[in-house]
Amino acid sequence: MPQLALFLLGPPYIERDGELISVDTRKAIALLAYLAVTRQRHSRDSLANLLWPDYDQVNARATLRRTLSALNKALAGDWLDIDRETIGLAQGTHFRLDVDEFHKCLAECRTHGHPASETCPNCLKPLAQAVTLYRGDFMAGFSLRDSPNFDDWQFFQADSLRRELSHALECLVHGYTAQGNFETAITYARRWLALDRLHEPAHRHLMQLYAWAGQRAAALHQYRECVQALEQELGVTPLESTTQLYQSIKENRIPPPPVQANAPVATQEIQKPASSNPASSPGAITPAAVQFPVQHNDYPLLGRAAEWNALLQAYTASSTSGHLILLEGEAGIGKTRLAEEMVAHVHKQGASVIAAHCYEGETQLAYGPFVAGMRTAIAQQQDAAWLRDVPALWVSEAARLLPELTSLRPEVAVAPPLDHPGAQGRFFEGLRHVLLALLKGDSAQPGIVFFDDMQWADEASLDLLAYLVRRLREHPLCLLITWRTHAIPRDHHLYRLLADAQRSGNAIILSLTRLDRHTVQQLAQSVVPASPAATTDVVQRLYEETEGLPFFLIEYLTAIAKGVLAPENERWSLPGGVRDLLHSRLDAVDEIGWQLLATAAAIGRSFDFDTLREASGRGEEETVTALEELIALGLVAEEPGGNNAAALTYDFSHEKLRTLVYEETSLARRRLLHRRIAEVLVGHERGKREPGFQPGQIAQHYRLAGNENAAAEYYKRAGERARTLYANTEALAHFHLALALGHPDRAGLHEAIGDLHTLMGEYAAALKSYETAAALGSVETLPTIEQKLGNVYGRRGEWELAESHLEAALFALGEGGSAGERAKIYADWSLAAYRHGQAARALELAHLALELAEAGSDRQALAQVHNLLGILASSKQQTEQAHHHLEESLALADGLNDASIQAAALNNLALAYAANGETERAIALAENALALCVSQGDRHREAALHSNLADMLHAAGRAEEAMPHLKQAVSIYAEIGVEAGTVQPEIWKLVEW
């Protein structure tokens, strides 16, 4: 029995034997989900009331019958257990439901003999499996506008499952914490907090875990996030216990971590490359003093060779004349990581280091980074010898900021107030002398001062930094700073400082760019070489998901390595660290900016000004101002408008940023925005304001707005437009969507789908579509459908069936049909007879077709008939007559701009010339025919032309050129010439048509 799998955690989808299947209506999906989750039989009346509450009983039951029919058809007649009054789902060993598997994993933990509030080591594996199964909320993004009862049921199911997920994540956090595996616990704690950013216990757990993992600054930052969330959403302050934990961490009074359990945690650890740090030299800061709370230092530093060499050169140059090095780039680009590697490298060589991190929200703390860095350095000194040679005057001045200096030099007098001319200069000079003394050490290597995220430094610190930069030439000193490119305006103090340093020749700027695909692959293979994350497909997906942003890439690799993210999953959830970083970038956006971002996110990755303005409802000036702010924040980039030099388009800086904004916009607002966007695009279409208009965009927005009727119509238009461009795959997808959304012209859509399947060589699917079109269509459309059925059977070499359908087409056409229509059917019949080996019958039918085409003055029919007569003449070696008919067919087809007949005439004319020994001319004609077939997407005839060209090239002595064509022909024939495991030999025999 085949296996059916229903996935409801996240956007719903269905698989049968591993293949995705589609269901025509949303109500059918809802019905299947309800039967699967409730595991009960339900009366027809109760189901009808659930899904069609506004219908009377008769109409509701009738609609239920139609829905059941559609669902049963999609499931191939299996799985539904239906009788006259009740309906159920046959759930056996061959049925999978991810909700059941989620509950089964959680239930396993209840068999371990401990209370549900506790977590034993054996719980970790099933809990991790449960969390991995939870791709998203129950049936995320799915709703039935006219079925509030079902929506309520779906809401309560989603709410219950979400609570279970929260409990599972909390248990995982406690379990891995008990094992001492703080990094994995942090990963799950982030996801736990992402479920409810107001949940204080989750904030506290994260703070504690960061502290135990040695990431003190991250722990303090987590407290600030908690304060901000509670203030913004509830207008309250954190609980006393949360504040006390913050104070403990801030004052380095961290409670000890729990005693590790005996049983190890079964998880894949990412091994850090072995490294060794020499013992600290006197006067140097120990490695621990320069560590930052960055989680990704376990990963190799790849793709930064040029920047690394530039850093080393600048540092070497600072031994004779001080240098300023600036690392800049967007958030997550790897500035901190590269700087930390540099700091660790020079420290290993004996250099002394002062390092500090600037934090958002601490711009009012005067000299904050200098105080933090210098105090850490002072605390690392073993005695006061380092301060002995600093003149008392400068120690006195520096003690204004660092009072602890007076305990090291008690004889130093208290400095006078800073209220007289030159006082600030003396104060800065005192700090400079103390800083240089701290960096002197016993090594010949120049000292290094490292400030991270300088865009958040206070003004006083920037003034002091400018003072140091202006005096860089006087001492061997390296100033290394990082900042986010888009976090500060172009007139910021930092840019002026940098310009001064560059003019003096003592500064370099290194702008970091995103990683390329090759580097992404190297990193994946070096981190988890035996993991599915290192496969080619997953590497490509990692590159697409992260767009080469290092922080995102590491977060995804960490989630994969720890089993939080399964590479084989169709949909990947956003890792917690990525979500946190994106949230931090969105914090500065005001109300109007958020409205524009939400509108832009609904439009898509790229958007234009007019659509954004009209759909958002904002005025022109408001939109321009808000866009400028978003560009300055690095959330949106401005791009030229392609061929239209006067136009501008805009693009999100990262797709995950757009995704997050979209996800955090309420469903009601998303629907409103999609409706507005669709209406704006319709207006653009009518006004011809957008030459590149795509009806598929309008269809998508109408569908997401819940207007399925309008969406279906525009999907049909999108399919028709794609067909004119020979984009057959896209056209097929659009037509299927139009059908799924209930477009009334079902017969026409099935016919169009059959046409596309025919071009793609998918003949079984084409026959099925045409038969459906024949069943649903009118009497007027039946002759065309029968003719198309006959042609498909002819392509497959089933001559009797081909002739019977062509005969049926003539019968359906009756006496009322035009002479041209009849001529085309007779021409197709003649071709079928010829390929069947009935030459006399074929000639008879061809002459009959010619008489009708001439009588009807139908140029298309004449082109088709002359092509056929040329084939018949060639078969009898009547060269001159064959050339005449085929040239006539080609001339008529050129006038009609009919690519299909053009390709046929060119191919047949090429064969005629080849048979006459004119090989080079034949090759040229065949190449033109091949180009036309490729543009149309006619796979079968493309294969035939490759085969014909191979023969011609071989005959011309160009064997090397022939081989690629032969291989391509074999490849396509193998693709379309096997149906249901059975070889269709006639498909391989096509030469002329």
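Quantities reported herein were computed from a predicted structural model and do not represent experimental measurements. (Residues numbered from 1 in each chain as written. Predicted model: local features only at pLDDT ≥ 70, side-chain atom pairs only at ≥ 80, totals over all residues. Heavy atoms only, no water.)

Engineer: Whenever I open this one, the overall build of the chain confuses me. Can you help?
Structural biologist: The number of helices and strands found in the chain is 42 helices and 17 strands. In terms of overall dimensions, the chain has C-alpha extents of about 125 × 70 × 60 Å along its principal axes. In the chain, buried positions account for 52% of the 993 residues. Within the structure as shown, the chain displays about 44,300 Å² of accessible surface, and the carbon and sulfur contribution to it stands at 51%. Separation of charge centres in the chain, based on 88 positive and 124 negative side chains, amounts to 4 Å. (Helix = DSSP H or I, 4+ residues; strand = E, 2+ residues; numbered from the N terminus. Buried < 20%, exposed > 50% of the residue type's maximum accessible area, 1.4 Å probe, protein only. Areas by Shrake-Rupley, 256 points an atom, 1.4 Å probe, with all protein chains shown as cover. Lys, Arg positive; Asp, Glu negative; His and termini not counted. Charge placed at Lys NZ, Arg CZ, Asp CG, Glu CD.)

Engineer: Would you mind showing me how to read the sheet that holds strand β9 (residues 353-357) here?
Structural biologist: What links the strands of a sheet is backbone hydrogen bonding, and the strands pair in either a parallel or an antiparallel sense. Ordered by their spatial adjacency, five strands build an open sheet running β9-β10-β11-β8-β12, and the pairing between neighbours is parallel. Both edges of this open sheet fall to β9 and β12 (507-511), since each of them pairs with a single strand only. Going from strand to strand, the sheet's axes swing by 15° on average, the running direction of each strand aside. Where strand β8 (residues 323-329) and β12 come together, five bridges link them in parallel fashion. Within β12, the position partnered with Glu328 by the bridge is Ser511. Sitting on the sheet, helix α12 (residues 335-348) touches β8, β9, β10 (447-452) and β11 (477-484), and the angle it makes with β11 is about 165°. (Pairing = 2+ DSSP bridges. Axes fitted to C-alpha atoms, helices over the stretch in contact; angles between N-to-C directions. Contact = heavy atoms within 4.5 Å.)

Engineer: Hey, could you run me through the environment of Ala366 in this one?
Structural biologist: In this fold, Ala366 is placed in the loop between β9 and α13 (368-380). Exposure remark for Ala366: the relative accessible area of 47% places this residue in the partly exposed category. For the pair formed by Ala366 and Glu225, sequence separation is 141 residues and the distance between their alpha carbons is 22 Å. Contacts of Ala366, omitting those with residues within four sequence positions, involve Asp458 and Ala460.

Engineer: Would you explain the pattern of salt bridges in this entry?
Structural biologist: One side chain can pair with another of opposite charge once the charged atoms of both are near each other. The tally for this structure, following the rule as stated, stands at 43 salt bridges. In this structure, Glu547 engages Arg605 in a salt bridge whose closest nitrogen and oxygen atoms are separated by 2.6 Å. With Glu547 in the loop between α20 (536-546) and α21 (550-561) and Arg605 in the loop between α23 (591-603) and β13 (606-608), this residue pair connects regions lying 58 residues apart in the sequence. Judged by relative accessible area, Arg605 falls into the partly exposed class, the value being 24%. Between Arg658 and Glu655 there is a salt bridge, with the nearest N and O atoms lying 3.0 Å from each other. Placement of both Arg658 and Glu655 in helix α26 (residues 655-663) is noted, with a separation of three residues, approximately one turn of the helix. Overall, Arg658 belongs to the buried group, its relative accessible area being 16%. (Salt bridge = Lys/Arg side-chain N within 4 Å of Asp/Glu carboxyl O.)

Engineer: What is the right way to read the packing of helix α36 (residues 839-856) against helix α37 (residues 859-875) from this model?
Structural biologist: Any two packed helices are characterised by the angle at which their axes cross and by the distance between the axes. Two elements in contact, α36 and α37, have axes whose closest approach is 9 Å; the angle formed by their N-to-C orientations is 155°. Judged on the interaxial angle alone, α37 and α36 are roughly antiparallel. Here α36 and α37 pass one another in a crossing that is left-handed. Mapping the contact onto sequence places Ala842, Leu843, Ala846, His847, Ala849, Leu850, Ala853 and Glu854 in α36 and Ala861, Leu862, Val865, His866, Leu868, Leu869 and Leu872 in α37. (Parallel < 35°, antiparallel > 145°, perpendicular 65-115°, else oblique. Left-handed = near helix turned anticlockwise from the far one by under 90°.)

Engineer: Help me understand the sheet that holds strand β7 (residues 95-97), please; the structure alone is not making it clear to me.
Structural biologist: Taken in spatial order, the four strands line up as β3-β2-β1-β7 in an open sheet, and their pairing is mixed. Only two strands of the sheet have a single neighbouring strand rather than two, namely β3 (19-21) and β7. Averaged over all adjacent pairs, the angle separating strand axes in this sheet is 25°, with direction ignored. Each of β1 (4-7) and β7 is contacted by helix α4 (residues 98-109), which is oriented at about 70° to β7, the strand it contacts most.

Engineer: Can you help me understand the nonpolar core in this one?
Structural biologist: As a rule of thumb, soluble globular proteins bury nonpolar side chains together. Counting 176 residues, the largest nonpolar core has Phe150, Leu480 and Leu542 as the members making the most contacts within it. Beyond its immediate stretch of four places on either side in the chain, Leu480 contacts Leu311, Ile325, Leu327, Ala339, Met342, Val343, Ile448, Val449, Phe450 and Phe451. Core analysis: the second largest hydrophobic core is formed by 74 residues, Ala773, Ala802, Ile987 and Leu990 among them. (Core = buried A, V, L, I, M, F, W, Y, C linked by side-chain atoms within 4.5 Å.)

Engineer: Help me understand the confidence of the model for the chain, please; the structure alone is not making it clear to me.
Structural biologist: Where the model shows low pLDDT, its predicted coordinates should not be examined in detail. Mean pLDDT over the chain stands at 84; residues scoring 70 or higher make up 91%. Within the chain, no element has a lower average pLDDT than strand β17 (residues 982-983), which sits at 64, and none a higher one than helix α31 (residues 746-759), at 94. (pLDDT = per-residue confidence, 0-100.)

Engineer: Which parts of the structure should I look at to understand the packing of helix α38 (residues 879-896) against helix α39 (residues 899-915)?
Structural biologist: Across the interface, α38 lies against α39 with an axial gap of 9 Å and an inter-helix angle of 155°. One way to sum up the angle between α38 and α39 is to call them roughly antiparallel. Relative to α39, α38 is oriented so that their crossing is left-handed. Only Ile901, Gln902, Ala905, Leu906, Asn908, Leu909, Ala912 and Tyr913 of α39 make contact with α38, whose side of the interface consists of His883, Leu886, Glu887, Ser889, Leu890, Ala893 and Asp894. The class makeup of the residues in the contact of α38 with α39 is nine nonpolar, four polar and two charged. (Nonpolar A, V, L, I, M, F, W, Y, C, P; charged D, E, K, R; others polar.)

Engineer: Just to check I follow, could you spell out α20 for this structure?
Structural biologist: Note: α-helices contain 3.6 residues per turn, so residues at a spacing of three or four share the same orientation. Considered for burial, the residues of α20 that qualify are Val538, Val539, Arg541, Leu542, Glu545 and Thr546. Buried residues of α20 fall within an arc of 160° about the axis and therefore sit on the same side. Exposed residues lying more than 90 degrees from the buried face of α20 are Asp537 and Glu544. (Arc of directions from axis to C-beta.)

Engineer: Would you take a moment to explain a negative patch on the surface for this structure?
Structural biologist: Where like charges cluster on the molecular surface, the negative patch consists of Asp590, Glu591, Glu620, Glu621, Glu628, Glu629, Glu638 and Glu639. Elements represented by at least two residues in the negative patch include exactly α25 (620-632) and β14 (636-640). (Patch = residues over 30% accessible without salt bridge, like charges linked within 9 Å, V, L, I, M, F, W, Y side chains within 5 Å.)

Engineer: Can you walk me through unusual backbone geometry in this structure?
Structural biologist: Note: most residues except glycine have negative phi, and most peptide bonds are trans. With a phi close to 55°, Glu547 is a non-glycine residue in the positive phi region. Backbone geometry places Ser857, a non-glycine residue, at a positive phi of 50°. Topologically, Ser857 is positioned in the loop between α36 and α37.

Engineer: Explanation requested: the pairing of β10 in the structure shown.
Structural biologist: Regular strands place side chains that alternate from one sheet face to the opposite one. Within β10, six of the six residues are buried, which leaves the element mostly enclosed by the surrounding structure. With burial as the criterion, each face of β10 is covered, one bearing Gly447, Val449 and Phe451 and the other bearing Ile448, Phe450 and Asp452. In this sheet, β10 lies alongside β9 in parallel orientation, the contact comprising five bridges. Pairing of Val353 across the sheet is with Ile448, part of β10. Following the backbone out of β10, through helix α17 (residues 459-470) and into the adjacent parallel β11, one traces a crossover that is right-handed. (Right-handed = clockwise from strand over helix to strand, strands pointing away.)

Engineer: Help me understand the packing of aromatic side chains in this model?
Structural biologist: Counting across every chain of the model gives 21 aromatic pairs. Seen in terms of ring centroids, Tyr34 and Trp153 are 5.0 Å apart; in terms of plane orientation they differ by 70°. Their pairing is edge-to-face. On the criterion of sequence distance, the pair formed by Tyr34 in helix α1 (residues 26-38) and Trp153 in helix α6 (residues 148-178) is long-range, its members being 119 residues apart. Summarising the aromatic geometry, the rings of Tyr973 and Trp988 are spaced 5.3 Å apart at their centres and angled 25° between planes, so their arrangement reads as stacked. (Phe/Tyr/Trp six-rings, centres within 6.5 Å; stacked < 30°, edge-to-face > 60°.)

Engineer: Looking at this model, I keep getting lost on the environment of Gln57. Mind explaining?
Structural biologist: Tracing the sequence through the fold places Gln57 in helix α3 (residues 57-74). Separated by 876 residues in the primary sequence, Gln57 and Cys933 place their C-alpha atoms 54 Å from one another. Side chain to side chain, Gln57 and Asp45 meet in a polar contact 3.1 Å long. (Polar contact = N/O pair within 3.5 Å; in protein donor to acceptor, adjacent residues only side chain to side chain.)

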